[in-house]
Amino acid sequence: MALLCETPHPSRRAVLIGGGTLFAWAYLPRFARAADGRDPRLVVIVLRGALDGLSTVGPVGDPDYTGLHGDIALALNGPHPALPLDGFFAVNPAMPNFARLFQARQAAVVHAAATGYRDRSHFDGQDVLESGYPGPGHIATGWLNRALSALPSGDRVGLKGGLAVGPSTPLVMRGAAPVLGWAPQTLPDPSDDLADRVLDLYNHRDPVLASALQHGLEAGRMAAGDGMAGMGRKGGLDNAAGMRQAAEGAARLIAADDGPRVAALAFDGWDTHVNEGGATGRLAMLLGGLDGAFAALETGLGARWKDTAVVAITEFGRTARINGTIGTDHGTGTVVLLAGGAIKGGRVIADWPGLKEAQLYQGRDLAPTSDVRGVLKGLLADQFGLSATVLGDKVFPDSGSVKPMQGLIA
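Numbers given to residues run from 1 along each chain, matching the order in which its sequence is written. Whole-chain, interface and lining totals are the exception, using all residues; otherwise, since this is a predicted model, local features are given only for residues with pLDDT of at least 70 and side-chain atom pairs are given and counted only at 80 or more. Where side-chain values are given, they derive from all heavy atoms of the structure, hydrogens and water being excluded.

## Observations regarding the sheet that holds strand E6 (residues 83-84)
Phase 1 of the analysis: At least two bridges found by DSSP between two strands is the condition for calling them paired. Only DSSP runs of H or I reaching four residues or more are called helices, and only runs of E reaching two or more are called strands; each is numbered from the N terminus. Strand order across the open sheet formed by three strands is E5-E7-E6, with antiparallel pairing between neighbours. Unpaired on one side and paired on the other, strand E5 (57-58) and E6 mark the two borders of the sheet.
Phase 2 of the analysis: Examined bridge by bridge, E5 and strand E7 (residues 90-91) share two bridges and lie antiparallel to one another. Pairing of Gly58 across the sheet is with Ala90, part of E7.

Below, the structure is given as C-alpha coordinates:
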(Lines give C-alpha, C1' and ligand atoms only; values in the text may rest on other atoms or scores of the structure.)
Protein backbone atom coordinates (compact mmCIF):
# COMPACT_ATOMS: atom_id res chain seq x y z
CA MET A 1 0.00 0.00 0.00
CA ALA A 2 1.47 3.33 -1.04
CA LEU A 3 1.57 6.27 1.33
CA LEU A 4 1.66 9.60 -0.45
CA CYS A 5 1.20 13.23 0.44
CA GLU A 6 -1.74 15.08 -1.09
CA THR A 7 -2.04 18.88 -1.11
CA PRO A 8 -5.60 19.99 -1.89
CA HIS A 9 -5.01 22.62 0.82
CA PRO A 10 -1.66 24.13 1.83
CA SER A 11 -1.09 21.83 4.78
CA ARG A 12 0.85 18.62 5.25
CA ARG A 13 -1.93 17.35 7.49
CA ALA A 14 -3.62 15.91 4.42
CA VAL A 15 -2.57 12.30 4.00
CA LEU A 16 -3.42 9.99 1.14
CA ILE A 17 -3.82 6.34 2.04
CA GLY A 18 -4.27 3.24 -0.06
CA GLY A 19 -2.75 3.80 -3.48
CA GLY A 20 -4.39 7.18 -3.95
CA THR A 21 -7.74 6.40 -2.39
CA LEU A 22 -8.14 7.96 1.05
CA PHE A 23 -6.96 11.12 2.75
CA ALA A 24 -8.07 12.79 5.95
CA TRP A 25 -7.35 15.90 7.94
CA ALA A 26 -5.66 15.68 11.29
CA TYR A 27 -8.97 16.59 12.87
CA LEU A 28 -12.61 16.46 11.94
CA PRO A 29 -14.18 19.56 13.46
CA ARG A 30 -17.13 19.30 15.81
CA PHE A 31 -19.85 21.38 14.26
CA ALA A 32 -21.84 23.96 16.14
CA ARG A 33 -25.57 23.35 16.00
CA ALA A 34 -27.71 25.86 14.20
CA ALA A 35 -29.57 28.30 16.40
CA ASP A 36 -32.86 26.56 15.66
CA GLY A 37 -31.51 23.18 16.78
CA ARG A 38 -31.12 21.81 13.26
CA ASP A 39 -27.95 20.01 12.27
CA PRO A 40 -28.17 20.36 8.47
CA ARG A 41 -26.46 18.15 5.94
CA LEU A 42 -26.12 18.37 2.16
CA VAL A 43 -25.27 15.50 -0.20
CA VAL A 44 -24.49 16.31 -3.83
CA ILE A 45 -24.61 13.45 -6.35
CA VAL A 46 -23.01 14.19 -9.73
CA LEU A 47 -24.32 11.99 -12.57
CA ARG A 48 -21.63 12.10 -15.24
CA GLY A 49 -22.54 11.43 -18.83
CA ALA A 50 -25.77 13.46 -19.19
CA LEU A 51 -29.00 12.09 -17.72
CA ASP A 52 -32.06 11.71 -19.94
CA GLY A 53 -34.53 13.74 -17.90
CA LEU A 54 -37.43 12.83 -20.19
CA SER A 55 -37.01 9.12 -19.40
CA THR A 56 -36.36 9.77 -15.73
CA VAL A 57 -39.38 11.95 -15.03
CA GLY A 58 -41.60 11.74 -18.07
CA PRO A 59 -44.16 14.43 -18.99
CA VAL A 60 -46.79 11.79 -19.67
CA GLY A 61 -49.45 14.50 -19.87
CA ASP A 62 -47.75 16.26 -22.78
CA PRO A 63 -49.38 15.09 -26.06
CA ASP A 64 -46.10 15.44 -27.97
CA TYR A 65 -43.99 13.37 -25.57
CA THR A 66 -44.53 9.83 -26.85
CA GLY A 67 -44.09 10.77 -30.50
CA LEU A 68 -40.69 12.33 -29.81
CA HIS A 69 -39.30 9.89 -27.28
CA GLY A 70 -40.65 6.82 -29.04
CA ASP A 71 -39.98 3.38 -27.59
CA ILE A 72 -38.22 4.76 -24.51
CA ALA A 73 -41.01 7.14 -23.49
CA LEU A 74 -42.62 6.38 -20.13
CA ALA A 75 -46.31 5.47 -19.95
CA LEU A 76 -48.85 4.97 -17.20
CA ASN A 77 -50.04 1.67 -18.67
CA GLY A 78 -48.44 -1.41 -20.16
CA PRO A 79 -46.17 -4.05 -18.62
CA HIS A 80 -43.84 -1.55 -16.87
CA PRO A 81 -45.96 1.47 -15.95
CA ALA A 82 -44.36 4.66 -14.73
CA LEU A 83 -45.09 5.82 -11.19
CA PRO A 84 -47.35 8.90 -11.17
CA LEU A 85 -46.09 11.98 -9.36
CA ASP A 86 -48.93 14.31 -10.24
CA GLY A 87 -51.40 14.64 -13.09
CA PHE A 88 -48.71 15.49 -15.65
CA PHE A 89 -45.41 13.87 -14.64
CA ALA A 90 -44.44 10.28 -13.76
CA VAL A 91 -41.14 8.84 -12.58
CA ASN A 92 -39.35 5.85 -14.09
CA PRO A 93 -40.60 2.58 -12.53
CA ALA A 94 -37.00 1.77 -11.57
CA MET A 95 -37.29 4.46 -8.85
CA PRO A 96 -39.92 3.26 -6.34
CA ASN A 97 -38.00 4.70 -3.38
CA PHE A 98 -37.95 8.13 -4.95
CA ALA A 99 -41.68 7.85 -5.70
CA ARG A 100 -42.30 6.86 -2.07
CA LEU A 101 -40.30 9.83 -0.81
CA PHE A 102 -42.14 12.10 -3.22
CA GLN A 103 -45.50 10.97 -1.88
CA ALA A 104 -44.16 11.50 1.66
CA ARG A 105 -43.19 15.06 0.63
CA GLN A 106 -39.50 14.26 1.05
CA ALA A 107 -38.55 14.42 -2.62
CA ALA A 108 -39.07 16.90 -5.45
CA VAL A 109 -38.11 17.40 -9.08
CA VAL A 110 -36.97 20.52 -10.89
CA HIS A 111 -37.68 19.83 -14.58
CA ALA A 112 -36.45 21.55 -17.73
CA ALA A 113 -33.28 22.61 -15.90
CA ALA A 114 -29.76 23.27 -17.16
CA THR A 115 -26.62 25.14 -16.28
CA GLY A 116 -25.70 28.20 -18.31
CA TYR A 117 -23.68 25.96 -20.68
CA ARG A 118 -25.28 25.48 -24.12
CA ASP A 119 -22.82 23.33 -26.04
CA ARG A 120 -22.69 19.56 -25.82
CA SER A 121 -19.18 18.55 -24.73
CA HIS A 122 -19.11 16.22 -21.73
CA PHE A 123 -15.74 17.58 -20.65
CA ASP A 124 -16.79 21.23 -20.78
CA GLY A 125 -20.29 20.53 -19.45
CA GLN A 126 -18.95 18.71 -16.41
CA ASP A 127 -16.40 21.47 -15.87
CA VAL A 128 -19.19 24.08 -15.79
CA LEU A 129 -21.45 21.91 -13.61
CA GLU A 130 -18.81 21.19 -10.99
CA SER A 131 -16.72 24.36 -11.08
CA GLY A 132 -19.77 26.60 -10.83
CA TYR A 133 -18.32 29.10 -13.29
CA PRO A 134 -20.44 30.37 -16.20
CA GLY A 135 -18.13 28.81 -18.78
CA PRO A 136 -15.53 26.04 -19.12
CA GLY A 137 -11.83 26.37 -18.36
CA HIS A 138 -12.03 26.83 -14.57
CA ILE A 139 -10.88 23.45 -13.29
CA ALA A 140 -8.98 24.35 -10.12
CA THR A 141 -11.81 24.53 -7.59
CA GLY A 142 -15.45 23.50 -7.28
CA TRP A 143 -18.51 25.40 -6.10
CA LEU A 144 -19.20 23.05 -3.19
CA ASN A 145 -15.72 23.48 -1.76
CA ARG A 146 -16.01 27.25 -2.14
CA ALA A 147 -19.35 27.09 -0.31
CA LEU A 148 -17.63 25.24 2.53
CA SER A 149 -14.95 27.93 2.67
CA ALA A 150 -17.61 30.64 2.87
CA LEU A 151 -19.45 29.10 5.84
CA PRO A 152 -19.10 30.70 9.29
CA SER A 153 -16.82 28.99 11.74
CA GLY A 154 -19.08 28.90 14.75
CA ASP A 155 -22.16 31.04 15.15
CA ARG A 156 -24.54 29.07 12.94
CA VAL A 157 -23.07 25.95 11.43
CA GLY A 158 -19.31 26.04 11.96
CA LEU A 159 -18.88 23.79 8.97
CA LYS A 160 -15.35 23.55 7.64
CA GLY A 161 -14.97 20.14 6.10
CA GLY A 162 -16.51 17.82 3.53
CA LEU A 163 -16.52 14.27 2.20
CA ALA A 164 -15.66 13.34 -1.40
CA VAL A 165 -16.52 9.86 -2.69
CA GLY A 166 -15.05 8.72 -6.00
CA PRO A 167 -11.89 7.34 -7.64
CA SER A 168 -10.50 10.86 -7.23
CA THR A 169 -11.84 13.94 -5.52
CA PRO A 170 -14.65 15.26 -7.74
CA LEU A 171 -13.98 18.74 -9.07
CA VAL A 172 -17.06 20.04 -7.25
CA MET A 173 -15.29 19.34 -3.94
CA ARG A 174 -11.78 20.54 -4.81
CA GLY A 175 -10.39 23.68 -3.23
CA ALA A 176 -9.08 25.22 -0.03
CA ALA A 177 -11.60 23.76 2.43
CA PRO A 178 -10.47 20.51 4.08
CA VAL A 179 -11.94 17.38 2.55
CA LEU A 180 -12.05 13.74 3.58
CA GLY A 181 -11.62 11.87 0.30
CA TRP A 182 -12.54 8.24 -0.12
CA ALA A 183 -12.61 5.92 -3.13
CA PRO A 184 -14.47 2.83 -1.95
CA GLN A 185 -13.69 0.67 -4.97
CA THR A 186 -10.03 0.56 -3.97
CA LEU A 187 -10.31 0.88 -0.22
CA PRO A 188 -7.64 -1.24 1.54
CA ASP A 189 -8.80 -4.38 3.27
CA PRO A 190 -9.34 -3.43 6.94
CA SER A 191 -7.59 -6.66 7.96
CA ASP A 192 -4.36 -5.52 6.24
CA ASP A 193 -1.93 -4.46 8.98
CA LEU A 194 0.42 -2.52 6.66
CA ALA A 195 -1.28 0.78 7.39
CA ASP A 196 -1.03 0.10 11.12
CA ARG A 197 2.69 -0.53 10.79
CA VAL A 198 3.11 2.74 8.86
CA LEU A 199 1.10 4.45 11.60
CA ASP A 200 3.43 3.09 14.27
CA LEU A 201 6.42 4.41 12.34
CA TYR A 202 4.95 7.93 12.11
CA ASN A 203 3.90 7.91 15.75
CA HIS A 204 7.62 7.93 16.52
CA ARG A 205 8.73 10.32 13.77
CA ASP A 206 5.90 12.75 13.08
CA PRO A 207 2.96 12.82 15.56
CA VAL A 208 1.00 15.38 13.46
CA LEU A 209 1.17 13.21 10.34
CA ALA A 210 0.38 10.15 12.44
CA SER A 211 -2.77 11.81 13.76
CA ALA A 212 -3.97 12.49 10.21
CA LEU A 213 -3.23 8.92 9.19
CA GLN A 214 -5.12 7.59 12.21
CA HIS A 215 -8.23 9.60 11.30
CA GLY A 216 -8.01 8.38 7.73
CA LEU A 217 -7.89 4.74 8.80
CA GLU A 218 -10.78 5.16 11.21
CA ALA A 219 -12.90 6.92 8.61
CA GLY A 220 -12.17 4.25 6.03
CA ARG A 221 -13.05 1.43 8.38
CA MET A 222 -16.23 3.21 9.49
CA ALA A 223 -17.28 3.62 5.87
CA ALA A 224 -16.34 0.02 5.09
CA GLY A 225 -18.99 -1.24 7.47
CA ASP A 226 -20.52 -4.46 6.21
CA GLY A 227 -18.23 -5.51 3.39
CA MET A 228 -17.75 -2.07 1.86
CA ALA A 229 -14.05 -2.64 1.34
CA GLY A 230 -14.78 -5.35 -1.20
CA MET A 231 -16.79 -3.10 -3.48
CA GLY A 232 -13.92 -2.67 -5.90
CA ARG A 233 -13.89 -6.38 -6.51
CA LYS A 234 -17.63 -6.23 -7.28
CA GLY A 235 -17.62 -3.14 -9.50
CA GLY A 236 -17.19 0.61 -9.50
CA LEU A 237 -19.55 3.54 -9.22
CA ASP A 238 -21.19 3.07 -12.63
CA ASN A 239 -23.50 0.24 -11.60
CA ALA A 240 -26.41 -0.25 -9.22
CA ALA A 241 -24.51 -2.10 -6.51
CA GLY A 242 -21.65 0.40 -6.53
CA MET A 243 -23.95 3.40 -6.20
CA ARG A 244 -25.89 1.88 -3.33
CA GLN A 245 -22.79 0.76 -1.45
CA ALA A 246 -21.05 4.11 -1.93
CA ALA A 247 -24.09 5.83 -0.44
CA GLU A 248 -24.11 3.41 2.49
CA GLY A 249 -20.49 4.23 3.30
CA ALA A 250 -21.01 7.95 2.88
CA ALA A 251 -24.05 7.86 5.17
CA ARG A 252 -22.03 6.23 7.96
CA LEU A 253 -19.51 9.06 7.83
CA ILE A 254 -21.84 12.03 7.57
CA ALA A 255 -24.22 10.65 10.21
CA ALA A 256 -21.47 10.73 12.83
CA ASP A 257 -21.57 13.56 15.37
CA ASP A 258 -18.05 14.64 14.44
CA GLY A 259 -18.26 13.71 10.76
CA PRO A 260 -18.48 15.96 7.70
CA ARG A 261 -21.86 17.61 7.03
CA VAL A 262 -21.38 18.03 3.29
CA ALA A 263 -20.62 15.23 0.84
CA ALA A 264 -20.13 14.82 -2.91
CA LEU A 265 -20.52 11.52 -4.75
CA ALA A 266 -19.78 11.05 -8.47
CA PHE A 267 -21.54 8.30 -10.44
CA ASP A 268 -20.44 7.61 -14.03
CA GLY A 269 -22.06 5.87 -17.00
CA TRP A 270 -25.06 8.06 -17.92
CA ASP A 271 -24.13 8.58 -21.61
CA THR A 272 -26.92 6.60 -23.29
CA HIS A 273 -26.44 6.93 -27.07
CA VAL A 274 -27.27 3.29 -27.83
CA ASN A 275 -30.01 0.97 -26.52
CA GLU A 276 -30.86 3.35 -23.72
CA GLY A 277 -34.10 1.70 -22.72
CA GLY A 278 -36.85 3.53 -20.92
CA ALA A 279 -38.85 1.73 -18.26
CA THR A 280 -36.47 -1.22 -18.66
CA GLY A 281 -32.92 -1.59 -19.94
CA ARG A 282 -29.65 0.20 -19.32
CA LEU A 283 -31.02 3.54 -18.11
CA ALA A 284 -33.49 1.81 -15.80
CA MET A 285 -30.60 -0.17 -14.29
CA LEU A 286 -28.69 3.03 -13.59
CA LEU A 287 -31.78 4.76 -12.20
CA GLY A 288 -32.35 1.76 -9.96
CA GLY A 289 -28.84 2.27 -8.58
CA LEU A 290 -29.51 5.93 -7.96
CA ASP A 291 -32.81 5.02 -6.32
CA GLY A 292 -30.95 2.56 -4.11
CA ALA A 293 -28.49 5.31 -3.18
CA PHE A 294 -31.37 7.55 -2.06
CA ALA A 295 -32.74 4.71 0.08
CA ALA A 296 -29.29 3.90 1.51
CA LEU A 297 -28.78 7.52 2.53
CA GLU A 298 -32.20 7.62 4.19
CA THR A 299 -31.52 4.42 6.13
CA GLY A 300 -27.90 5.17 6.97
CA LEU A 301 -28.54 8.70 8.16
CA GLY A 302 -31.33 7.59 10.49
CA ALA A 303 -32.42 10.49 12.68
CA ARG A 304 -30.14 12.83 10.68
CA TRP A 305 -32.29 12.33 7.57
CA LYS A 306 -34.81 14.92 8.75
CA ASP A 307 -32.19 17.69 8.40
CA THR A 308 -30.64 16.36 5.17
CA ALA A 309 -30.98 17.59 1.59
CA VAL A 310 -29.77 15.40 -1.28
CA VAL A 311 -29.47 16.77 -4.81
CA ALA A 312 -28.61 14.83 -7.98
CA ILE A 313 -27.31 16.89 -10.92
CA THR A 314 -25.92 16.18 -14.39
CA GLU A 315 -24.01 18.22 -16.97
CA PHE A 316 -26.86 18.49 -19.51
CA GLY A 317 -29.84 16.55 -20.82
CA ARG A 318 -30.42 14.51 -23.94
CA THR A 319 -32.30 14.97 -27.18
CA ALA A 320 -36.08 14.87 -27.10
CA ARG A 321 -36.12 12.58 -30.13
CA ILE A 322 -34.66 9.11 -29.96
CA ASN A 323 -31.93 8.34 -32.48
CA GLY A 324 -31.52 5.44 -34.89
CA THR A 325 -29.92 3.22 -32.25
CA ILE A 326 -32.80 3.55 -29.76
CA GLY A 327 -30.85 5.98 -27.64
CA THR A 328 -30.54 9.72 -27.24
CA ASP A 329 -27.78 12.15 -28.07
CA HIS A 330 -26.38 15.13 -26.14
CA GLY A 331 -29.07 17.67 -25.33
CA THR A 332 -29.84 20.57 -23.01
CA GLY A 333 -32.75 20.57 -20.54
CA THR A 334 -32.97 17.77 -17.96
CA VAL A 335 -34.01 17.16 -14.35
CA VAL A 336 -32.58 17.98 -10.93
CA LEU A 337 -33.68 15.40 -8.35
CA LEU A 338 -34.07 16.43 -4.71
CA ALA A 339 -34.59 14.15 -1.72
CA GLY A 340 -34.26 14.27 2.06
CA GLY A 341 -36.23 15.00 5.16
CA ALA A 342 -35.31 18.67 4.84
CA ILE A 343 -36.78 18.96 1.33
CA LYS A 344 -40.16 20.59 0.84
CA GLY A 345 -41.24 17.78 -1.42
CA GLY A 346 -44.20 16.35 -3.24
CA ARG A 347 -43.70 18.83 -6.09
CA VAL A 348 -42.47 18.89 -9.68
CA ILE A 349 -41.17 22.43 -10.09
CA ALA A 350 -41.33 23.31 -13.77
CA ASP A 351 -42.12 26.18 -16.05
CA TRP A 352 -42.90 23.57 -18.70
CA PRO A 353 -41.71 24.74 -22.16
CA GLY A 354 -43.61 22.16 -24.19
CA LEU A 355 -42.37 19.62 -26.74
CA LYS A 356 -43.76 20.92 -30.00
CA GLU A 357 -41.22 21.49 -32.75
CA ALA A 358 -41.17 25.25 -32.26
CA GLN A 359 -40.77 24.86 -28.49
CA LEU A 360 -37.65 22.67 -28.60
CA TYR A 361 -34.26 24.26 -28.00
CA GLN A 362 -32.52 24.44 -31.39
CA GLY A 363 -35.29 22.21 -32.72
CA ARG A 364 -33.99 19.14 -30.83
CA ASP A 365 -33.78 19.50 -27.04
CA LEU A 366 -36.03 20.12 -24.06
CA ALA A 367 -35.72 23.89 -23.63
CA PRO A 368 -34.30 24.91 -20.23
CA THR A 369 -36.48 27.19 -18.14
CA SER A 370 -34.70 26.77 -14.76
CA ASP A 371 -31.02 27.29 -13.94
CA VAL A 372 -29.32 24.52 -11.99
CA ARG A 373 -27.29 27.19 -10.19
CA GLY A 374 -30.52 28.70 -8.87
CA VAL A 375 -31.50 25.34 -7.40
CA LEU A 376 -28.10 24.89 -5.77
CA LYS A 377 -28.07 28.45 -4.48
CA GLY A 378 -31.48 27.91 -2.90
CA LEU A 379 -30.30 24.80 -1.10
CA LEU A 380 -27.12 26.47 0.18
CA ALA A 381 -29.02 29.56 1.31
CA ASP A 382 -31.72 27.66 3.18
CA GLN A 383 -29.51 24.93 4.63
CA PHE A 384 -26.49 27.00 5.63
CA GLY A 385 -27.52 30.63 5.48
CA LEU A 386 -25.20 31.75 2.70
CA SER A 387 -26.21 35.14 1.35
CA ALA A 388 -27.18 35.87 -2.24
CA THR A 389 -24.08 38.07 -2.53
CA VAL A 390 -21.69 35.33 -1.41
CA LEU A 391 -23.44 32.80 -3.63
CA GLY A 392 -23.35 35.09 -6.66
CA ASP A 393 -19.79 36.33 -6.24
CA LYS A 394 -17.78 33.55 -4.59
CA VAL A 395 -19.59 30.24 -4.83
CA PHE A 396 -20.96 30.71 -8.36
CA PRO A 397 -18.89 33.62 -9.74
CA ASP A 398 -20.53 36.08 -12.11
CA SER A 399 -24.00 34.66 -11.48
CA GLY A 400 -25.67 37.56 -9.71
CA SER A 401 -28.55 37.49 -12.19
CA VAL A 402 -29.35 33.88 -11.22
CA LYS A 403 -31.51 34.13 -8.12
CA PRO A 404 -31.63 31.39 -5.45
CA MET A 405 -34.72 29.23 -5.91
CA GLN A 406 -36.99 29.84 -2.93
CA GLY A 407 -38.77 27.34 -0.73
CA LEU A 408 -36.83 24.15 -1.46
CA ILE A 409 -36.24 23.43 2.24
CA ALA A 410 -39.20 22.65 4.48
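## Remarks on the pattern of salt bridges
Phase 1 of the analysis: Within this document, salt bridges are pairs made up of a side-chain nitrogen of Lys or Arg and a carboxyl oxygen of Asp or Glu, the two lying within 4 Å of each other. Scanning the entire structure with this criterion turns up 14 salt bridges.
Phase 2 of the analysis: In this structure, Arg304 engages Asp39 in a salt bridge whose closest nitrogen and oxygen atoms are separated by 3.8 Å. One end of the pair, Arg304, is in the loop between helix H10 (282-301) and strand E12 (308-314); the other, Asp39, is in the loop between strand E3 (22-24) and strand E4 (41-47), and 265 residues separate them in sequence.
Phase 3 of the analysis: A relative accessible area of 5% places Asp39 in the buried class.
Phase 4 of the analysis: Here Arg48 makes a salt bridge to Glu130, at a shortest N to O gap of 3.1 Å. Placement of Arg48 in the loop between E4 and helix H1 (53-56) and of Glu130 in helix H4 (residues 122-131) is noted, with a sequence separation of 82 residues between them.
Phase 5 of the analysis: Each of Asp39, Arg41, Asp257, Arg261 and Arg304 takes part in salt bridges that share partners, so that together they form one network. When a residue's accessible area, from a 1.4 Å probe over protein chains only, is under 20% of the maximum for its type it is buried; when over 50% it is exposed; and in between it is partly exposed.

## What to know about the packing of helix H9 (residues 240-255) against H10
Phase 1 of the analysis: One can describe the packing of H9 onto H10 by two numbers: an axis separation of 8 Å at closest approach and a directional angle of 20°. Taken as axis vectors, H9 and H10 run roughly parallel relative to one another. As H9 runs across H10, the sense of the crossing is right-handed. Residue-level inspection shows Ala240, Met243, Arg244, Ala247, Glu248, Ala251, Ile254 and Ala255 of H9 in contact with H10, the latter providing Met285, Leu286, Gly289, Leu290, Gly292, Ala293, Ala296, Leu297, Gly300 and Leu301. Axis angles are defined between N-to-C directions and span 0 to 180 degrees, where every axis is a line fitted to C-alpha atoms and, for a helix, only to the segment in contact. Roughly parallel means an angle under 35 degrees; roughly antiparallel, over 145; roughly perpendicular, 65 to 115; everything else is oblique. Throughout, a crossing is termed right-handed when the near helix is turned clockwise from the far one, and left-handed when it is turned anticlockwise from it by less than a right angle. Any two residues having at least one pair of non-hydrogen atoms within 4.5 Å are treated as being in contact.

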